[in-house]
Amino acid sequence: ESERTWWKESVFYEIYPRSFYDSNDNGVGDLPGIVRKLDYLDDLGVDVVWLTPVYDSPQADFGYDIRDYRDILDEYGTMDDWERLRDGLHERDMRLVMDLVVNHTSDEHEWFEKSRREVDPYTDYYIWREGDPEAGSGDPYDPDALPNNWDSLFGGPAWTYDERRGEYYLHLFDGKQPDLNWRNPAVREDVYGIMRWWLDRDIDGFRMDVINFISKADGLPDGDPSAVVTGSEHFINGPHACEYLREMDERVLSEYDVVTVGEMPGISVEDAREYVGRDGPLDMAFHFEHMRLDEGPDDPWNFRDWSLDDFRETFTRWQTGLAGEGWNALYLNNHDQPRMVSRFGDEAYRVESATMLATFLHTLRGSPFVYQGEEIGMTNVPFESAGKFVDVETLRYVERMLERDDVENFEDIGDAVRYGSRDNARTPMQWSDAPNAGFTDREPWLTVNPNYTEVNVESARADPDSVWHYYRRLIDLRHDAPVLVYGDYEPLLPDHPEIYAYRRTLEDVGALVVLNFFDGEPRFDLPGSVAYDGAELLISNYEVERPEGPDGFDLRPYEARVYRLE
Ligand code: ISL
């Protein structure tokens, strides 16, 4: 919709607490560590902090496997620490969004412990099935005996046999993350209870983990075996997903002034209109179409080059597809994705490409989500060996590949793993050039990127030309220029092989955004439709000498410019 609200005007900042700042020197980031960095966030100018899960959890998926929704992980601190964080944000006029992970729980959650033992009312809290009796061998570990052919998103079957109950349970992610049975009204009621518990503690919204996976097709039929993830057509945007979210909205969300962002792998613009359109139950959705552009069509780990044509086409489709209908959640990296500089930019032009991509992120219609470290141009990590990775998705992939005859050792797949592993995003935040990047005094839980001696907050803040200062100016600019928030989006030069340019328009104010996505020096020819006379340069990542020719200008590698048009 086109109504004006606070969350559309906000810049969001995602914190992965494990890697943000370690206050007690045990090698793991924590809540008091974030509290110490509140002034840092305030100085940067962001409006909303999204905290990835900090709840009690055995950490099989670093918090996306929750054991107790109403408690904080000991390593991260206490509820009192959490309250100090919330209050510290609110005192600085920032808001706090919590992660809601309710497609699945940990297998150590009390509900699952009871469900395995068939203790009512928990017997049907999860998705239990008997094996296929036709399978013959009678061995529950025989792959033919599984209830259906669905894959886990982390690889391998989506079913694990539980000896205690003598049945299989469904897990779309790791075996330690059993899927909740949303068909059971008691499950939904308990989820709403958890939400109210946090909302009553004065949070400002939820980011909802894989929330379009909560409804599974009737009868859990076999999936098309040629799909990248077998079974996905039966659980992505399942038959009741929207209905459950509407119920959640009516019963809970509508009573609070909060923002909701659904993480929704596999959604199209049309799907998004249902979830976040005019009457949709949620405010924004993270889609993944731009995250697929460099993944192989059959194997996501088989990376290939992305093309500017596809990139522009994807963003344009979402910009125009939600115009007047819904609101985009804009991101180029997060805790699950490679670093944007190493993916859509260029490490050889680290500062130029980080600031160009930042300009893109902050000048589209939607709310920008900045991921920790992005604001100093952090990059992917040159992991020394297989032993340096800790992420469950990465480890499972490496395990599976090493079982294959055509893979002899880790280095056969090393490039793909180094490029695509989620651990790239999760190495400690680089605060200074002190040992361990000033993140901790102890051995950190995950390798520090060796480039911390050069890429760190302290040196970035001391250098007016740094990525950090550019983000700060860009965030200010977005706060001061409603055209960049609400303006219509219109692509210019739709076929240019190197330049991505567009115009934003709000009533009689326009903005022209010109981005050189590569290391060449193409000429930007001003389209006839753009009235450039009197244009005012709002921000750029290079010095711009005026005046230039009236009908265009030459760009330098990864140059970005934003003009205000009258
Ligand atoms: O990470 C991915 C690609 O590398 C995705 O497949 C990811 O698993 C998917 O986007 C869902 O992510 C969310 O749910 C997962 C959790 O591991 C992720 O960290 C979380 O963001 C399961 O809870």
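Coordinates for the structure precede this section.
Figured I'd write up the structure that's included with this text. (Residues numbered from 1 in each chain as written. Predicted model: local features only at pLDDT ≥ 70, side-chain atom pairs only at ≥ 80, totals over all residues. Heavy atoms only, no water.)

Read around the barrel, eight strands follow the order β1-β2-β5-β9-β10-β11-β12-β13 and close on themselves; strand pairing throughout is parallel. Sheet twist, expressed as the average angle between the axes of neighbouring strands with direction ignored, equals 25°. Pairing analysis gives four bridges linking strand β2 (residues 48–51) to strand β5 (residues 95–100), with the strands arranged parallel. The residue bridging Val49 from the neighbouring strand is Leu96, located in β5. Seen against the sheet, helix α3 (residues 79–91) touches β2 and β5 and runs at an angle of roughly 140° to β5. (Pairing = 2+ DSSP bridges. Helix = DSSP H or I, 4+ residues; strand = E, 2+ residues; numbered from the N terminus. Axes fitted to C-alpha atoms, helices over the stretch in contact; angles between N-to-C directions. Contact = heavy atoms within 4.5 Å.)

Here we take up the packing of aromatic side chains. Applying the stated rule across the entire model yields 55 aromatic pairs. The interplanar angle of 70° and the centroid separation of 5.3 Å between the aromatic rings of Phe213 and Phe235 together place this pair among those described as edge-to-face. In this pair, Phe213 sits in the loop between β9 (205–208) and α6 (241–251) while Phe235 sits in the loop between β9 and α6, placing the two residues 22 residues apart along the sequence. When sorted by exposure, Phe213 lands in the same class as Phe235, which is buried. Ring centres 6.3 Å apart and planes at 70° place the aromatic pair Trp301 and Phe303 in the edge-to-face group. Judged by its relative accessible area of 11%, Trp301 is buried. Phe303 gets classed as partly exposed once you look at its relative accessible area, which sits at 23%. (Phe/Tyr/Trp six-rings, centres within 6.5 Å; stacked < 30°, edge-to-face > 60°. Buried < 20%, exposed > 50% of the residue type's maximum accessible area, 1.4 Å probe, protein only.)

In this structure, Pro121 follows Asp120 across a cis peptide bond, with omega equal to 5°. Examined against the element boundaries, Pro121 turns out to sit in the loop between α4 (110–116) and β6 (128–129). Despite not being glycine, Phe62 has its phi angle at roughly 45°, a positive value. Relative to the helices and strands, Phe62 is located in the loop between β3 (55–56) and β4 (68–72). Residue Glu507 is not a glycine yet carries a positive backbone phi of 50°. Mapped onto the elements of the fold, Glu507 is located in the loop between β15 (499–506) and β16 (509–516).

Okay, the pairing of strand β13 (residues 367–371) next. The buried fraction of β13 is high, at five of five residues. Relative to β13, strand β1 (residues 12–15) runs parallel, the two being bridged by three bridges. In the sheet register, Phe12 faces β13, and the bridge partner there is Phe369.

Okay, the side chain of Glu14 next. Along the chain, Glu14 falls in strand β1. Every residue in contact with Glu14, bar those within four places of it in the chain, is listed here: Trp50, Thr52, Asn334, His335, Val370, Tyr371 and Gln372.

Taken together, 16 residues lie near the ligand, and Asp61, His104, Asp209, His335 and Asp336 sit nearest. At 2.5 Å from an oxygen atom of the ligand is found a side-chain nitrogen or oxygen belonging to Asp336. A distance of 3.0 Å is found between an oxygen atom of the ligand and a side-chain nitrogen or oxygen belonging to Arg422. For the ligand, whose unbound accessible area comes to 500 Å², protein coverage reaches 94%. (Near = heavy atom within 4 Å. Polar contact = N/O pair within 3.5 Å; in protein donor to acceptor, adjacent residues only side chain to side chain. Areas by Shrake-Rupley, 256 points an atom, 1.4 Å probe, with all protein chains shown as cover.)

It is worth stressing that arrangement in space is one thing and function is another; only the former is reported here.
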